[in-house]
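Given next are the chains, with one letter for each unit.
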Amino acid sequence: MNRDDYIGGSISVRMYEQNLLTQNDLERLNDYNSIDEVLAALNDSIYRDSIQALNRPEDYEQILENELNRVYNLIDNTSDNPWITRFLRERYNFHNLKVVVKEIVQNENYSHIYSNLATIDMAHIKRELLNEEGKEVDFLSKLNIEGYEPLVSNAHTDDDYVYYAKEAIKVYERTGNPKDIDLYLDQVYYDNLIYDAEHLELDEAVQFTKERIDLINIKTLLRVRAQGGTIEDLTPALIEGGYIDVARFVEVYNNDLNNIVVTFSNERINKYLVNAIDSDKSIDQNLLDLEKAIDDHMMDYSREAKSSTFGPEVLINYVISKETEIKNLRIILVSKLNGLSKEFTSERLRETYA
């Protein structure tokens, strides 16, 4: 990796970082009593143009979507390294894969929930799947994803994703359970994420991804317990590829939650478990706190980029910071729309980079 390749992009991103909302900004927004007041206050921010184009406050998701699109386009245009884009957008690719597979197996049209932040050609993938199934393809025209055009050639860069989708359909055909589509594609997603991180030649990105897998597996353990599931329910839901062998999560499944934290005391993720999990709390509260801890883990990785003058981590950090900012704004806007208390909202706000 040649860090000099990232000088221009890093300078541009550092300028945009100055527009990130701080924790104080978010707390001030939370002090307002209505969604209209929050949006009025954001009129002095980078969200101004999107707010002014809004037809009604309840359509606030358009504001957030516009800002994410702006950020991802900025990164695409400031980096010549395709692995940065792939690493950052992979989760949107796999979100769309889940949607298209469920469209096929359930014979429904879910085009309204596709993400336009993905980079894979859904028209091509959908056509390949439907041709495989021998179904009609005339509703391809209903795909409403900006920038995607159906391709004629069979040789296509997204054929790996076609393969993943076909395998997910086979999994469903064996089990008949739509949840197994998600389980299979989640595993492939994290396999790809590690692969992308390795090609970024950024050890910190690989470490972050492996730690995230471990945290997701802890979350899965808690979720299965909350649903009254058994070890047999847990095992297929665990994701391979983290620092902790999946067999260890199975071993501690029936243990007291505090004991689970102690068991993983020497692991990289322990500080997040200590802050999130406690036997004295309800399982639902533990899940909420762990979800927040997973986001905090992401921001801790992001903050490490502060020490880098330029490099791929500077660009990745900006996207992570903006994703967190948008998540916090969504929490505030949803709370104001539903009349939730300021205290309730404040407890759920994620840590910020700024």
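Now for a look at the structure at hand. (Residues numbered from 1 in each chain as written. Predicted model: local features only at pLDDT ≥ 70, side-chain atom pairs only at ≥ 80, totals over all residues. Heavy atoms only, no water.)

**Here we look at the overall build of the protein chain**
Consideration 1: Helix and strand counts for the protein chain stand at 17 helices and 0 strands.
Consideration 2: Computed over the C-alpha atoms, the radius of gyration of the protein chain is 21 Å, within 12% of the 20 Å expected from 2.2 N^0.38 for a compact globule of 354 residues.
Consideration 3: Across the 354 residues that make up the protein chain, the buried fraction comes to 48%.
Consideration 4: Relative to all contacts within the protein chain whose residues are 6 or more apart in sequence, the contacts with residues 24 or more apart total 69%.
Consideration 5: Accessible surface computed for the protein chain: about 17200 Å², of which carbon and sulfur atoms make up 45%.
Consideration 6: When the 38 positive and 66 negative side-chain charges of the protein chain are each reduced to one mean point, those points stand 3 Å apart. (Helix = DSSP H or I, 4+ residues; strand = E, 2+ residues; numbered from the N terminus. Rg over C-alpha atoms; globule rule 2.2 N^0.38 Å. Buried < 20%, exposed > 50% of the residue type's maximum accessible area, 1.4 Å probe, protein only. Contact = heavy atoms within 4.5 Å. Areas by Shrake-Rupley, 256 points an atom, 1.4 Å probe, with all protein chains shown as cover. Lys, Arg positive; Asp, Glu negative; His and termini not counted. Charge placed at Lys NZ, Arg CZ, Asp CG, Glu CD.)

**Re a nonpolar patch on the surface**
Consideration 1: On the surface, Ile7, Ile11 and Met15 cluster together into a nonpolar patch covering about 290 Å² of accessible area.
Consideration 2: Among the secondary structure elements, Ile11 is positioned in helix 1 (residues 7-17). (Patch = residues over 30% accessible without salt bridge, like charges linked within 9 Å, V, L, I, M, F, W, Y side chains within 5 Å. Salt bridge = Lys/Arg side-chain N within 4 Å of Asp/Glu carboxyl O.)

**Observations regarding a negative patch on the surface**
Consideration 1: Taken together, the side chains of Asp191, Glu240, Asp245 and Glu251 present a region of like negative charge at the surface.
Consideration 2: By the element assignment, Glu240 lies in the loop between helix 11 (231-234) and helix 12 (246-251).

**A closer look at helix 1**
Consideration 1: Along helix 1, the residues that are buried comprise Gly9, Ser10, Val13 and Glu17. Along helix 1, the residues classed as buried sweep out an arc of 95° about the axis, all on the same side. Opposite the buried face of helix 1, by more than 90 degrees, sit the exposed residues Ile11 and Met15. (Arc of directions from axis to C-beta.)

**A closer look at the packing of aromatic side chains**
Consideration 1: In this structure the tally under the stated criterion is 11 aromatic pairs.
Consideration 2: With a centroid separation of 6.4 Å and 40° between ring planes, the pair formed by Tyr16 and Tyr318 is classed as tilted. Of the two residues, Tyr16 sits in helix 1 while Tyr318 sits in helix 16 (residues 312-337), which places them 302 residues apart along the sequence.
Consideration 3: Taking relative accessible area as the criterion, Tyr16 reaches 31% and is therefore assigned partly exposed. (Phe/Tyr/Trp six-rings, centres within 6.5 Å; stacked < 30°, edge-to-face > 60°.)

**So, the nonpolar core**
Consideration 1: With 101 residues, the main nonpolar core has Phe87, Leu97, Ile125, Ile218, Leu273 and Ile316 as its most contacted residues.
Consideration 2: Broken down by element, the residue count for this core peaks at 11 residues, all from helix 16.
Consideration 3: With residues near it in sequence (within four places) discarded, Leu273 still touches Leu215, Ile218, Val261, Phe264 and Leu290. (Core = buried A, V, L, I, M, F, W, Y, C linked by side-chain atoms within 4.5 Å.)

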